[in-house]
Amino acid sequence: MATDLTAPVAAPDVVPIQRRTLRLLFGTQIIGGIGVTIGISVGALLAARVAGTALAGVAQSASVVGGALLAVPVTRVMNGHGRRPGLAIAYLAGAVGAVLVVLATVTHVVPLLFLGMLFFGGGTAANLQARYAAVDLAEPARRGRQLSLIVWATTIGAVAAPNFAALADHTTSGWGLPPLAGPFAFSAVAFVLAAGVLLVLLRPDPLLTARRLAAARAAAPAAVEAAAVAPAAVASATRDAGAGVEAAAGPEVTPPAGAVTAPAPPARRAGMRAAWQVVRGRPAARLGIAAVAVGHTVMVAVMSMTPVRLGESHGDADVLRVVGIVLSLHIAGMYALSPVVGWLTDRLGRRAVILTGVALLLAACAVAGTAGHHTPRLSAGLVLLGLGWSGTMVAGSTLLSESVPTAVRPSVQGFSDLTMGLAGAAAAAVSGFVMRAAGYPVLTLLAAVATVPLVALALRPVPAGAPDEEG
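Figured I'd write up the structure that's included with this text. Model, not experiment: these values are computed from the prediction. (Residues numbered from 1 in each chain as written. Predicted model: local features only at pLDDT ≥ 70, side-chain atom pairs only at ≥ 80, totals over all residues. Heavy atoms only, no water.)

Digging into helix α16 (residues 440-449)
Those residues of α16 lying buried are Y440, L443, T444, A447 and A448. Relative to the axis of α16, the buried residues are bounded by an arc of 135 degrees and lie together on one face. Buried residues along α16 sit in contact with α10 (283-311), α13 (350-369), α14 (375-402), α15 (409-438) and α17 (452-459). (Buried < 20%, exposed > 50% of the residue type's maximum accessible area, 1.4 Å probe, protein only. Helix = DSSP H or I, 4+ residues; strand = E, 2+ residues; numbered from the N terminus. Arc of directions from axis to C-beta. Contact = heavy atoms within 4.5 Å.)

Some details on a nonpolar patch on the surface
A contiguous nonpolar surface patch, about 440 Å² in accessible area, is contributed by L337, V340, W343, L344 and L348. Here L348 is to be found in helix α12 (residues 338-348). Residue classification places L348 among the exposed positions, given a relative accessible area of 57%. (Patch = residues over 30% accessible without salt bridge, like charges linked within 9 Å, V, L, I, M, F, W, Y side chains within 5 Å. Areas by Shrake-Rupley, 256 points an atom, 1.4 Å probe, with all protein chains shown as cover. Salt bridge = Lys/Arg side-chain N within 4 Å of Asp/Glu carboxyl O.)

Re the packing of aromatic side chains
Tallied over the full model, the rule gives six aromatic pairs. Look at W276 and F415: their rings are 6.2 Å apart centre to centre, the planes differ by 40 degrees, and that puts the pair in the tilted class. One end of the pair, W276, is in helix α9 (residues 272-280); the other, F415, is in helix α15, and 139 residues separate them in sequence. Residue F415 is classed as buried on the basis of its relative accessible area of 17%. Each member of the aromatic cluster is reached from another via a ring pair, and the members are Y91, F120, F184 and F191. (Phe/Tyr/Trp six-rings, centres within 6.5 Å; stacked < 30°, edge-to-face > 60°.)

A look at the pattern of salt bridges
According to the stated counting rule, one finds eight salt bridges in the structure shown. With its nearest N and O atoms 3.9 Å apart, the salt bridge here joins D136 to R409. Placement of the pair is D136 in the loop between α4 (110-133) and α5 (143-173) and R409 in helix α15, with a sequence separation of 273 residues. Relative accessible area serves as the criterion here: at 7%, R409 is assigned to the buried category. For R350, the salt bridge identified is with E402, shortest N-O distance 2.8 Å. Placement of the pair is R350 in helix α13 and E402 in helix α14, with a sequence separation of 52 residues. Taken individually, R350 and E402 each receive the classification buried, so the pair is uniform in this respect. Through salt bridges that share partners, R143, R145, D346, R350 and E402 make up one connected network.

Dropping the structure here:
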């Protein structure tokens, strides 16, 4: 019987691996989301008691900056060893930060509080990186939906966490901890639990498996090319390639001797500089990073000053209740419909959903900026703001992930999260000065103007032959 040497190497069925990965990520996102939100919900109050009201906002910003900066070492670990240890280290860093915050509350040492909040951002870094782990083995037609499913899981933790804050504070009061320290103690437990689950159960590692799949696909053409010289080597290479893909952890596929292949980038050395070099040469990757960063910048700038705007028209007796309702609607807009956004990303295309997200951000700025002191209209603007953020985040993250090679993918994704985090922190800092100097309507106008470069980049024609997707 003749053998067709041009037939592709049979790839293993990655569907069960992907299904298991999604289940684990979904569960740990809920646990991690509780850990992050339960701390953030009381972080400002605790910081005000330890460091004073003037430094309360700085302490909260330290958590945001910490999440952005920790993305760099975490992605280095992922490059060399896979998603599993990288995500676990990020959660453990968050646990260390939570413990330091508790110690700072007990000792009233302000520098220890800031250091703790900086490390506490590791929980946020882990939750953000988990969305990328969801698409390592996803089918191209389902990447948007599966990424958005992990984003949506954050909603469950974010909604449940505030309800645990009072319980955590009451439980730990018997341990001798000061008020408001209990939620951070519970955060530490949640982060350790999430890290343990990932370390034990996230096997095989999705990123390492995706790399072996890519190596097997690269080895198959080389085996066919060498068939005329060494038919036996073809069979051996084919057999080795299939075995290398099936194994969760095994040797890399080796092409037959004499085959000419393009060298893969050294994964362990792929840092932020290598990530920038890859992004610079790929228009789709640049668009993905820009969509995530700009959408987050606009959202943070407007959202962070909305409570101040509400405080101008509501008294002290009602403002906290009103702010809680408006921000809850905003969070619902961010996360509740993310599966729908992911489905639209797969059906309509990444660029179309990015542009739709920008349109929603512009509508949000227009509605919120012209709402005056009409709270229902301002609430509608914040819901649109959340929906616009969801569109740029889900579609931009999906486009970025599929536009770069697996060898440098974690570095590029870490570069994106670093850019997003620093941009959001800067937006939060600047928005206060704009609000004081010119008012809320001008702030929303400037936020809308910030989307112009993203629109220009999304509408720019893609050059012929641009390496917009791996392979």
